Amino acid sequence: MSKAPAVAIASWGHGVFAVTMIGLGILGLITHDFMPTWAGVPDWIPAQSVIACVCAAISLITGVGLLFRRTAFEASGVLLAVLAIWLLLFRVSYLFATPMDPGAWWGCGETAVMFAAAGILLVWFAGDRAASRPAFATGRRGLRIARMFFGFGLIQFGIGHFTFFRRTIDMVPAWMPWHVAWASFTGCAFIVAGIAVLIGVAARLAAALSALELGLLTLLVWLPIVATMHPDRSQWTEFVSSVTLTAAAWVVADSYRRRLEGS
């Protein structure tokens, strides 16, 4: 009997997400700074560089762990738990403190999308380990919850497009016509996709198109900036964030095609 392969790639999205987490970890350890996934730590908290390196190590270790069958379940569980803590401490807490700050909602949406991807991966690898009917039922519930976080995040991205509308317009590549129309369309597309995922109407198509939209934003907007200009710290951060969110959205989109949990 042949042994199962040591490397466990559940889907293309899973593979890209794992490699992206490894990249975030390496960048964080090199710069001793917070990558976008781990942003939001208040300035008054001491030992910022130490915390940043710990977060980078978590990204690196869990990213490597996600690639191997024996460790993928544990890696996704650790990543999900840390993201849940981060969401509560440094994202949701800001919503209560500054509920009218659009940046707080945007940051919460980013972490929610990452949380959704980690949750889906945990369900996948839990399903690989347990084939009982209750496990399948739990998997379906887990997928629904993860997708709800994803839908919430997409809605925040869409709202952010209009909250920072002037900046969104300026981000449209110069060679494209109708900048205002494109800025409006992409914002509306995120909102509609998020609602579709939340209510379960055309959710598979919405998830796939939102992953495509994030990927196109990365390729058409942020990649040219970091490749052909002299990007500042903020632009590099936006590029890394866009890559990371594209990978996470890809995992969610794959969850509608992969049928391990009877979803």
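As shown above, the structure is provided for reference.
The shown structure was predicted, so the numbers you read here are calculated from the model rather than taken from an experiment. (Residues numbered from 1 in each chain as written. Predicted model: local features only at pLDDT ≥ 70, side-chain atom pairs only at ≥ 80, totals over all residues. Heavy atoms only, no water.)

**Q** Could you clarify how one ought to interpret a nonpolar patch on the surface in this entry?
**A** Together, Trp 175, Leu 205, Leu 209, Leu 212, Leu 216, Leu 219, Leu 220 and Leu 223 give the surface a local cluster of nonpolar side chains, amounting to about 800 Å² of exposed area. When you line up the elements, Leu 216 lands in helix H8 (residues 203–228). (Patch = residues over 30% accessible without salt bridge, like charges linked within 9 Å, V, L, I, M, F, W, Y side chains within 5 Å. Areas by Shrake-Rupley, 256 points an atom, 1.4 Å probe, with all protein chains shown as cover. Salt bridge = Lys/Arg side-chain N within 4 Å of Asp/Glu carboxyl O. Helix = DSSP H or I, 4+ residues; strand = E, 2+ residues; numbered from the N terminus.)

**Q** Would you explain the nonpolar core in this entry?
**A** Nonpolar side chains in soluble globular proteins generally cluster together in the buried interior. Core analysis: the biggest nonpolar cluster contains 62 residues, and Phe 17, Trp 38 and Phe 150 have the highest contact counts within it. Those elements giving two or more residues to this core turn out to be helix H1 (12–31), helix H2 (48–65), helix H3 (72–97), helix H4 (102–129), helix H5 (133–163), helix H7 (179–199), H8 and helix H9 (233–255). Of all the elements, H4 adds the most residues to this core, at 11 residues. Here Phe 150 is in contact with Ala 112, Val 113, Ala 116, Val 197, Ala 207, Ser 210, Ala 249 and Val 252, once residues within four sequence places are set aside. (Core = buried A, V, L, I, M, F, W, Y, C linked by side-chain atoms within 4.5 Å. Buried < 20%, exposed > 50% of the residue type's maximum accessible area, 1.4 Å probe, protein only. Contact = heavy atoms within 4.5 Å.)

**Q** Explanation requested: the side chain of Thr 246 in the structure shown.
**A** Along the chain, Thr 246 turns up in helix H9. Only 3.2 Å separates the side chain of Thr 246 from the backbone oxygen of Leu 214, close enough to count as a polar contact. Apart from the residues lying within four places of it in its own chain, the contact partners of Thr 246 are Ala 211, Leu 214, Gly 215 and Thr 218. (Polar contact = N/O pair within 3.5 Å; in protein donor to acceptor, adjacent residues only side chain to side chain.)

**Q** Even after reading the chapter, I still don't get the packing of H8 against H9, so can you show me in this structure?
**A** For the pair H8 and H9, the least separation of the axes is 9 Å and the interaxial angle reads 160°. As judged from the angle between their axes, H8 and H9 are roughly antiparallel. Both H8 and H9 take part in a crossing whose hand is left-handed. Contact residues: H8 offers Ala 207, Ala 208, Ala 211, Leu 214, Gly 215, Leu 217, Thr 218, Trp 222, Leu 223, Ile 225 and Val 226, while H9 offers Gln 235, Trp 236, Glu 238, Phe 239, Ser 242, Val 243, Leu 245, Thr 246, Ala 249, Trp 250 and Ala 253. In the contact of H8 with H9, the residues fall into 16 nonpolar, 5 polar and 1 charged. (Axes fitted to C-alpha atoms, helices over the stretch in contact; angles between N-to-C directions. Parallel < 35°, antiparallel > 145°, perpendicular 65-115°, else oblique. Left-handed = near helix turned anticlockwise from the far one by under 90°. Nonpolar A, V, L, I, M, F, W, Y, C, P; charged D, E, K, R; others polar.)

**Q** Where do I start with the pattern of salt bridges in this structure?
**A** In a structure, side chains of opposite charge can pair up when their charged atoms sit close to one another. For the structure on display, the rule yields 3 salt bridges. Where Glu 238 meets Arg 167, a salt bridge forms, and the shortest distance between an N and an O atom there is 3.2 Å. A residue pair is termed long-range when its members are at least 10 positions apart, and Glu 238 in helix H9 and Arg 167 in helix H6 (residues 165–171) qualify at 71 residues. The exposure class of Glu 238 is partly exposed, given its relative accessible area of 23%. Linking Asp 254 and Arg 257 is a salt bridge whose minimum nitrogen-to-oxygen distance equals 2.0 Å.

**Q** Help me understand the environment of Gly 139 in this model?
**A** Inspection of the secondary structure puts Gly 139 in helix H5. Spatially, the C-alpha atom of Gly 139 lies 8.8 Å from that of Ile 120, the residues being 19 residues apart in sequence.

**Q** Looking at this structure, I do not really get the packing of H2 against H3. What am I missing?
**A** What describes two packed helices is the angle between their axes and the distance between those same axes. Packing of H2 against H3 leaves a shortest axis separation of 8 Å and a crossing angle of 150°. Relative to H3, H2 is oriented roughly antiparallel. Relative to H3, H2 is oriented so that their crossing is left-handed. When H2 is examined against H3, the residues Ile 51, Cys 55, Ile 58, Thr 62 and Gly 65 are found in contact with a partner set consisting of Ala 72, Ala 75, Val 78, Leu 79, Val 82 and Trp 86.

**Q** Could you clarify how one ought to interpret H1 in this entry?
**A** Count 3.6 residues to each turn of an α-helix, and residues three or four apart come out pointing the same way. Taking 1.5 Å of rise per residue, 20 residues should cover 28 Å, and H1 covers 28 Å from first to last C-alpha, within 8% of that figure. Immediately downstream of H1, the backbone of His 32 shows phi near 55°, a positive value. (Expected span 1.5 Å × (residues − 1).)

**Q** Would you explain the layout of surface pockets in this entry?
**A** Empty space left among the atoms is revealed by rolling a probe the size of a water molecule over them. There is about 700 Å³ of room inside the largest pocket. Taken together, 29 residues make up the lining of the largest pocket; nearest its centre are Trp 106, Glu 110, Arg 167, Glu 238 and Ser 241. Going through the elements one at a time, H3, H4, H5, H6, H8 and H9 are the ones with two or more residues in the lining of the largest pocket. Within the lining of the largest pocket, the residues separate by chemical class into 15 nonpolar, 10 polar and 4 charged. Here the second largest pocket defines a volume of roughly 510 Å³. As for the second largest pocket, its lining consists of 25 residues, and the residues nearest its centre are Trp 182, Phe 185, Thr 186, Ala 189 and Glu 213. Of all the secondary-structure elements, those providing two or more residues to the lining of the second largest pocket are H6, H7 and H8. Among the elements that take part in the lining of the second largest pocket, H8 stands out by supplying 10 residues, more than any other. Its residues assigned to classes, the lining of the second largest pocket comprises 20 nonpolar, 4 polar and 1 charged. (1 Å grid on protein atoms, 1.4 Å probe; cavity = no way out; pocket = protein on both sides within 12 Å on 5 of 7 lines; lining within 4 Å. Points joined across faces, edges and corners; volume = space filled by probe spheres on them.)

**Q** Whenever I open this one, unusual backbone geometry confuses me. Can you help?
**A** Trans peptide bonds make up most of the peptide bonds, and negative phi angles are found at most residues other than glycine. Positive phi, normally seen in glycine, also occurs at His 32, with a value near 55°. For His 32, a relative accessible area of 46% gives the class partly exposed. Located in the positive-phi region is Trp 178, a residue other than glycine, with phi close to 55°. Along the chain, Trp 178 falls in the loop between H6 and H7.

All quantities given are derived from atomic positions and should not be read as evidence of function.
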